[in-house]
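Structural overview
The primary structure of each chain is shown beneath.
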Amino acid sequence: MQTVGATNGAPRLDLPRAFGMVGSEAGLRNILATVVTSLAVDLPGIDAALKNGDVPAANRLLHAIKGYMPIIGSDALIAQVVAVEHLSKTAGVADVLPPYQQLAPELRGLLTEIQNFLA
């Protein structure tokens, strides 16, 4: 599977979208603090699940990420998360791992962008 909409160095955090959906900086900061906690736990969890061949466990974590991505993510990152999460519903680890390995650095980059915003 080819990666859909890799960000190619563009910002992954879409602050105008996030402000528009949340409505206040305080509310956005609260949501982003939760996202930081989630990504910090979920990314290693996905890595471990795929390493152990447990695609359903990886899917559950990707599904949670997919849930909040439309609030904060860029269009390209949203598309990439949706594509990998969808693939992980039915495909085996051999098919999920390569696109996830392309997505993971983007999610780590998002985590860094959020941490920088919150600093």
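Higher on the page you've got the structure.
Described below are features of the structure shown in this document. Computed from a predicted model, the values in this text were never measured in an experiment. Each chain has its residues counted from 1, running along the sequence as written. In keeping with the predicted nature of the model, local features appear solely for residues at pLDDT of at least 70, side-chain atom pairs appear and are counted solely at 80 or more, and the whole-chain, interface and lining totals rest on all residues. Only hydrogens and water are removed before side-chain values are computed, so all heavy atoms of the structure are retained for them.

1. Brief notes about the overall build of the protein
Helices and strands together make up the secondary structure of the protein, namely five helices and zero strands. Secondary structure elements follow DSSP: runs of H or I no shorter than four residues count as helices, runs of E no shorter than two count as strands, and numbering proceeds from the N terminus. The secondary structure elements of the protein, listed N-terminal to C-terminal, are α-α-α-α-α. For this measure, only C-alpha atoms enter the radius of gyration; the expected value for a globule follows 2.2 Å times N^0.38, where N is the number of residues. Here the C-alpha radius of gyration of the protein, 14 Å, is about what a compact globule of 119 residues would show, namely 14 Å. In terms of overall dimensions, the protein has a C-alpha envelope of 40 × 25 × 20 Å along the principal axes. Partly exposed residues are those whose accessible area sits between 20% and 50% of the maximum for their type, while under 20% is buried and over 50% is exposed, using a 1.4 Å probe and protein chains only. Burial analysis of the protein (119 residues in total) assigns 43% to the buried set. Any two residues whose heavy atoms approach within 4.5 Å at even a single point are treated as in contact. Relative to all contacts within the protein whose residues are 6 or more apart in sequence, the contacts with residues 24 or more apart total 73%. Here the open area of atoms and residues is found with the Shrake-Rupley method and a 1.4 Å probe, where only the protein chains shown may cover a residue. As displayed, the protein has an accessible area near 5800 Å², and 59% of this comes from carbon and sulfur atoms. When charges are counted, Lys and Arg are positive and Asp and Glu negative, with His and the chain ends excluded. The atom standing in for a charge is NZ when the residue is Lys, CZ when it is Arg, CG when it is Asp and CD when it is Glu. Side-chain charges of the protein comprise 8 positive and 10 negative groups, with the mean position of each set lying 3 Å from the other.

2. Thoughts on the side chain of S88
For S88, the location among the structural elements is in helix α4 (residues 75–90). Under the rule applied, a polar contact is a pair of N or O atoms within 3.5 Å (in protein, one hydrogen donor and one hydrogen acceptor; residues adjacent in sequence only if both atoms are side-chain atoms). Within polar-contact distance, the side chain of S88 engages the backbone oxygen of E85 at 2.7 Å. Beyond its immediate chain neighbours, meaning those up to four positions away, S88 contacts V55, N59, L62 and V96.

3. Remarks on the nonpolar core
Considering soluble globular proteins, one finds that nonpolar side chains tend to be buried as a cluster. Of all hydrophobic cores here, the largest spans 34 residues; its most connected members are M69, I72 and Y100. Those elements giving two or more residues to this core turn out to be α2 (25–51), α3 (55–72), α4 and α5 (93–118). I72 has contacts with R12, L13, D14, A18, L32, V35, L110 and I114, leaving out every residue within four places of it along the chain. For the purposes of this section, nonpolar cores are sets of buried Ala, Val, Leu, Ile, Met, Phe, Trp, Tyr and Cys residues that join through side-chain atoms within 4.5 Å.

4. What to know about the environment of I71
With respect to the helices, strands and loops of the structure, I71 is situated in helix α3. If near-sequence neighbours (up to four positions away) are discounted, I71 is found in contact with R17, A18, M21 and V22.

5. Observations regarding the pattern of salt bridges
By convention in these notes, a salt bridge is any Lys or Arg side-chain nitrogen within 4 Å of a carboxyl oxygen on Asp or Glu. Taken as a whole, this structure holds six salt bridges when the rule is applied. Across the salt bridge formed by E106 and R12, the nearest N and O atoms sit 2.8 Å from each other. You can see E106 sitting in helix α5 and its partner R12 sitting in the segment before α1 (15–22), a full 94 residues away along the chain. For the pair shown, E106 and R12 are each scored as buried. For the salt bridge of R17 with D75, the shortest nitrogen-to-oxygen distance reads 2.4 Å. Taken together, the residues span a long stretch of sequence, with R17 in helix α1 and D75 in helix α4 at a distance of 58 residues. Through salt bridges with shared partners, a single network forms among R12, E106 and E113.

6. Some remarks on the packing of α2 against α5
Axis definition: a line fit to C-alpha positions, over the contact stretch in the case of helices; interaxial angles, taken between N-to-C directions, run 0 to 180 degrees. Close contact between α2 and α5 brings their axes to 10 Å; oriented N to C, the two are set at 150°. Classed by the angle they form, the pair α2 and α5 counts as roughly antiparallel. α5 is crossed by α2, and the crossing has left-handed handedness. Contacts from E25, L28, R29, L32, A33, V35, V36, L39, L43, I46, D47 and L50 in α2 reach V93, V96, L97, Y100, L107, R108, L110, L111, I114, Q115, F117 and L118 in α5. Of the residues that constitute the contact of α2 with α5, the class distribution is 19 nonpolar, one polar and four charged. Every angle not falling under 35 degrees, over 145, or within 65 to 115 is termed oblique; those three ranges are roughly parallel, roughly antiparallel and roughly perpendicular. Note: crossing handedness is left-handed where the near helix turns anticlockwise from the far helix by less than a right angle, and right-handed where it turns clockwise. Each residue is assigned to one class: nonpolar for Ala, Val, Leu, Ile, Met, Phe, Trp, Tyr, Cys and Pro, charged for Asp, Glu, Lys and Arg, and polar for all the others, Gly among them.

Interpretation in functional terms is not warranted from these geometric data alone.
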